Amino acid sequence: MTCAACAQRVEKKLNKLDGVTASVNYATEKAWVSAENLADREEFVGRLISTVQKTGYTAEVPQDAEDESGEDLGSRDLRALRTRLIIAGILTVPVVLWAMVPATQFEYWTWVSLVLSVPVVLWAGWPFHRAAALNARHGTATMDTLISLGTLAALGWSLYALFFGHAGDPSMRHTFTLFDEPYWMSGHSMGSANVYFEVATAVTTFLLLGRYFEKRSKASAGEALRSLANLGAKDVALLKGEREVRIPIKELSVGDEFIVRPGEKIATDSVVVSGASAVDMSMLTGESVPVEVAEGDSVVGATINASGQLVLRATSIGADTQLAQMAKLVEEAQSGKAEVQRLADRISGVFVPVVLLVTVITLGAWLFLGAPAEAAFTAAVAVLIIACPCALGLATPTALLVGTGRGAQQGILIKGPEVLEASTGIDAVVLDKTGTVTTGAMQLTSLLSARQWGGEYEDTDLLRLAGSLESASEHPVAHAITNAAREALGSRSGSLPRPQDFRSHAGTGVSGEVEGHHVLVGRRRLMESSGIKLPSEVRELVTEGEAHGSTAVLVAIDGEFSGILTVSDTVKETSAEALAELRRLGMDPLLLTGDNEGAARRVAEEVGISNVVSDALPEDKVATIKGLQSQGKTVAMIGDGVNDAAALAQADLGIAMGTGTDVAINAADITVIRGDLRSAADAVRLSRRTLRTIRENLFWAFLYNTAAIPLAAAGLLNPMLAGAAMVLSSLSVVANSLRLRRFR
């Protein structure tokens, strides 16, 4: 498909099939089809593909996201287009040079130009000619029609001039005249000594360049599903009696038991048979604090076992897992049809038929006035060439290329022109909490020694002993305490005292000997089970901390309560400033997170957000965005986790933090590499600035065409000058686009 009209044509044909409802997305190059009373799937799919082929296009069933060996159709098309562009560019440069610079012309240069031009026009430009023929068969016309007619007419007239005119004379030279005298004024025939190879080749090459930029911007569509498949484990340690056998994940069955060691991914949705551990579920749920699991608890596939060894029993596999359901959510969200069509296609939908009509009228009028066929055809060719929408075709991809290039320098990745259109009307922005507004990493946020309750240890001693003991643990909370101890004491990695007799107490904490002291670090349950007496105020502090989304860790030394360490996810320093900038851009913020309400409210208050939705599963996030859209709002979503992928795809504008997962990045329209939320506001400003540049390009390109067509139709414009003007109009579009390089 080469334009939005192609997608509409395919969609119309598919919807004519009995019981079929189809939506064809031009941006993702996919058709989403549902059918009533489907009996034979293979026969039905075959009928769909056959229908698309009869319409003049090709189709194939999307490859399995887990199939990494396959190459998608878009990649093959992009590589073929790049080959055509390179060869066309190499052959076009000398042809244009000889035609435009008389000093470079030599004997028989027109014949050499013919040899170089034919492969450019007929082979490199074949996609345009094929699309034009396809459009003609269906009684429609697009920019491809003008491109094909203009380049073929220029080539055809050049052949006529070579073989039947004077252009093939060895000593023939081209000179420039700004305006040709009209036939009725000069009385001489026109065009028999002129060749327009440079017009045919330059138009073909410029448009191939624009088509390549456009195709490349869409090349990554659909990668989110492959990323989701890659997120899961590839193999699993299956238990067979007393033996352990490593098998591919596809061979695992429901009911099989398998082992997951610390640091490994959990292969599939399961239940804990034995063992206890902390499971990092932030990739799927957004929960910043690892979840403690023990025998009988359920765990989700693709999450990470952070500490102890687990024996699990598979409860769901394949398409039934939560990961697979998330993949389906992303696919459904991406299949939605864009509400706006590409600007250039909207203009050309009216412009192209008008130009074709003017060309026919020009040819007929000249012949009616008694002009020779050469003069009439020359004027008609001038109309086609001057109207050939090279600048229109370049307006979007050149601005997009410069805008995205400047964005990359600023740590902003914009995926395509549809993104720019979406950025203009955003009036609501939904933000994930963990890793987006907050750092996403556990940190020690407060330390309170028990000296006020009669304890004997100062803050530094308390942190040194607790950090030394936790250095033997792999738990994320332990890492936060250990890192804080090393930073506070100025110790090098590994220089804290080594604990002795270290023990991990499942789900509650750790204990051991440090420098001759017996140290306990953990939850209140560990203290109570160890006979440690806690002041009543401590219980209140622990409850209050947990209500605000923090994890309270208690420390006991030599049997006496010694202090409280509070660990939590911290708000990024720039988040409040970023929220203020988003509001200035006209966006009303909403915090949407899988974390508990206490943690969500704490963060929201700190950055100044009043609307909060907490405890949200991935499907809840999608539903929240759909709810805002049903209210007539245009919604942007900013997130970084796998749990945000479907929501990012559902939003009108998805912005992923580059510090997040590949799945979120591939599902989003914009990625901000630095992980600084202020970059999200910059991304919206850059998108709007780029779209404004595209509109300026389209306006001036369209104005150029409409102003020059009457001159060409009146015979006042030399077709060679028309070709030069066409090139200059393209250069002006590029120059205007280059202004985006000054974006700050």
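Criteria and cut-off values
- The numbering scheme is per chain: residues are counted from 1 as the chain's sequence reads.
- Selection of residues for local features in this predicted model requires a pLDDT of at least 70, selection of side-chain atom pairs for listing and counting requires 80 or more, and totals for whole chains, interfaces and linings are taken over all residues.
- Side-chain measures were taken over the full set of non-hydrogen atoms in the model, leaving aside hydrogen atoms and water.
- UniProt positions are given in the numbering used here, feature names are shortened, and annotations may be inferred rather than shown by experiment.
- Note on exposure labels: buried denotes an accessible area under 20% of the residue type's maximum, exposed denotes more than 50%, and partly exposed covers the range between, all computed with a 1.4 Å probe on protein chains only.
- A run of H or I in DSSP counts as a helix once it spans at least four residues, and a run of E counts as a strand once it spans at least two, with each numbered from the N terminus.
- Any two strands between which DSSP finds at least two bridges are classified as paired.
- Side-chain rings of Phe, Tyr and Trp, where Trp is taken by its six-membered ring, are said to pair if the distance between their centres is within 6.5 Å; with planes under 30 degrees apart they count as stacked, over 60 as edge-to-face, and otherwise as tilted.
- Contacts described as polar in this section are N or O atom pairs within 3.5 Å, which, within protein, must combine one atom able to donate a hydrogen with one able to accept it, while residues neighboring in sequence count only if both atoms come from side chains.
- Should any heavy atoms of two residues lie within 4.5 Å, those residues are counted as being in contact.
- Where helices are involved, their axes are fitted lines through C-alpha atoms of the stretch in contact, as for all axes, and angles between N-to-C directions lie from 0 to 180°.
- The sense of a crossing depends on the near helix, which, turned anticlockwise from the far helix by less than a right angle, makes the crossing left-handed and, turned clockwise, makes it right-handed.
- Classes in brief: Ala, Val, Leu, Ile, Met, Phe, Trp, Tyr, Cys and Pro nonpolar; Asp, Glu, Lys and Arg charged; the others, Gly included, polar.
- Any Lys or Arg side-chain nitrogen found within 4 Å of a carboxyl oxygen on Asp or Glu counts as a salt bridge.
- Looking at any residue, its pLDDT shows the predictor's confidence there, from 0 to 100.

- Named according to an unreviewed UniProt entry, the protein chain is Copper-translocating P-type ATPase originating from Nesterenkonia natronophila.
- A UniProt comment under Sequence similarities (unreviewed entry) is attached to the protein chain, and it reads "Belongs to the cation transport ATPase (P-type) (TC 3.A.3) family. Type IB subfamily."
- Under the UniProt heading Subcellular location (unreviewed entry), the note attached to the protein chain is "Cell membrane".

A few points about the pairing of strand β19 (residues 560–571)
Argument step 1. Taken across its twelve residues, β19 has eleven buried, putting it largely inside the fold.
Argument step 2. With eight bridges joining them, strand β14 (residues 438–449) and β19 adopt antiparallel strand pairing. Across the sheet, the residue bridging to Met-442 is Asp-569, located in β19.
Argument step 3. Once strand β18 (residues 551–557) ends, the chain turns through two residues before running back antiparallel as β19, passing Asp-558 with a positive phi of about 55°.

Side note on the packing of aromatic side chains
Argument step 1. Under the definition given, this model contains five aromatic pairs.
Argument step 2. Ring centres 5.2 Å apart and planes at 90° place the aromatic pair Trp-98 and Phe-106 in the edge-to-face group.
Argument step 3. Judged by its relative accessible area of 14%, Trp-98 falls in the buried class.
Argument step 4. Relative to Phe-164, the ring of Tyr-160 lies with its centre 5.7 Å away and its plane at 35°, an arrangement referred to as tilted. Linking Tyr-160 with Phe-164, this pair stays in helix α6 (residues 143–164), spanning four residues, or about one helical turn.
Argument step 5. The exposure class assigned to Tyr-160 is partly exposed, which follows from its relative accessible area of 28%.
Argument step 6. Residue classification places Phe-164 among the exposed positions, given a relative accessible area of 67%.
Argument step 7. Following the ring pairs from residue to residue traces out a cluster consisting of Trp-157, Tyr-160 and Phe-164.

Some remarks on the side chain of Thr-570
Argument step 1. Residue position: Thr-570 is located in strand β19.
Argument step 2. Among the polar contacts made by the side chain of Thr-570, one reaches the side chain of Gln-443 at a distance of 3.2 Å.
Argument step 3. Sequence-distant contacts of Thr-570, defined by excluding residues within four places in its chain, comprise Thr-438, Thr-439, Ala-441, Gln-443 and Thr-445.

Considerations on the sheet that holds strand β10 (residues 304–305)
Argument step 1. Strands sit in the order β8-β7-β10 across an open sheet of three strands; the sheet is antiparallel. Since the sheet does not close on itself, it has two edges, and those belong to β8 (291–293) and β10, each with one partner.
Argument step 2. Strand direction decides the pairing type here: strand β7 (residues 277–280) and β8, joined by three bridges, are antiparallel. Bridged to Ala-278 within β8 is Glu-292.

Some points on the packing of α6 against helix α13 (residues 373–387)
Argument step 1. Between α6 and α13, the shortest axis-to-axis distance is 9 Å and the interhelical angle comes to 145°. The two elements α6 and α13 cross, and the hand of that crossing is left-handed. Contacts from Leu-146, Leu-149, Gly-150, Ala-153, Ala-154, Trp-157 and Tyr-160 in α6 reach Glu-374, Phe-377, Thr-378, Val-381, Leu-384, Ile-385 and Ala-387 in α13.
Argument step 2. The residue makeup of the contact of α6 with α13, split by class, is eleven nonpolar, two polar and one charged.

Describing the pairing of β7
Argument step 1. In this sheet, β10 lies alongside β7 in antiparallel orientation, the contact comprising two bridges. Following the sheet pairing, Asp-280 is matched in β10 by Ile-304.

Remarks on the pattern of salt bridges
Argument step 1. For the structure on display, the rule yields 17 salt bridges.
Argument step 2. The residue Arg-313 makes a salt bridge to Glu-257 at a minimum N-O spacing of 3.3 Å. Here the residue Arg-313 occupies a position in strand β11 (residues 310–314), and Glu-257 occupies one in strand β5 (residues 257–260), the gap between them amounting to 56 residues.
Argument step 3. Judged by relative accessible area, Glu-257 falls into the partly exposed class, the value being 27%.

A few points about unusual backbone geometry
Argument step 1. Even without a glycine there, the phi angle at Tyr-108 is positive, about 65°.
Argument step 2. With a phi close to 50°, Asp-501 is a non-glycine residue in the positive phi region.
Argument step 3. Summarising the element assignment, Asp-501 is placed in strand β15 (residues 500–505).
Argument step 4. Among the residues examined, Asp-501 registers a relative accessible area of 57% and is labelled exposed.

Some remarks on the environment of Asp-620
Argument step 1. By the element assignment, Asp-620 lies in helix α23 (residues 618–630).
Argument step 2. Separated by 27 residues in sequence, Asp-620 and Ala-647 place their C-alpha atoms 8.9 Å apart.

Quick look at the confidence of the model for the protein chain
Argument step 1. Summary statistics for the protein chain give a mean pLDDT of 80 and a share of 83% for residues scoring 70 or more.
Argument step 2. Predicted confidence for residues 65–70 stays below pLDDT 50, and this span has ten contacts to residues more than four positions away or in other chains.
Argument step 3. Long-range and interchain partners of residues 177–190, a stretch whose pLDDT sits below 50, account for 28 contacts in this model, where long-range means more than four residues apart.

A closer look at the sheet that holds strand β13 (residues 428–431)
Argument step 1. Strand order in the open sheet formed by seven strands is β12-β24-β23-β22-β13-β20-β21, with mixed pairing between adjacent strands. The open sheet has two free edges, formed respectively by β12 (412–414) and β21 (611–613), since each of these has just one partner strand. The mean angle between the axes of side-by-side strands here comes to 20°, regardless of whether they run parallel or antiparallel.
Argument step 2. Of the strand pairs in this sheet, strand β20 (residues 588–592) and β21 are connected by three bridges, and their pairing is parallel. Paired with Leu-590 across the two strands is Asn-611, which belongs to β21.

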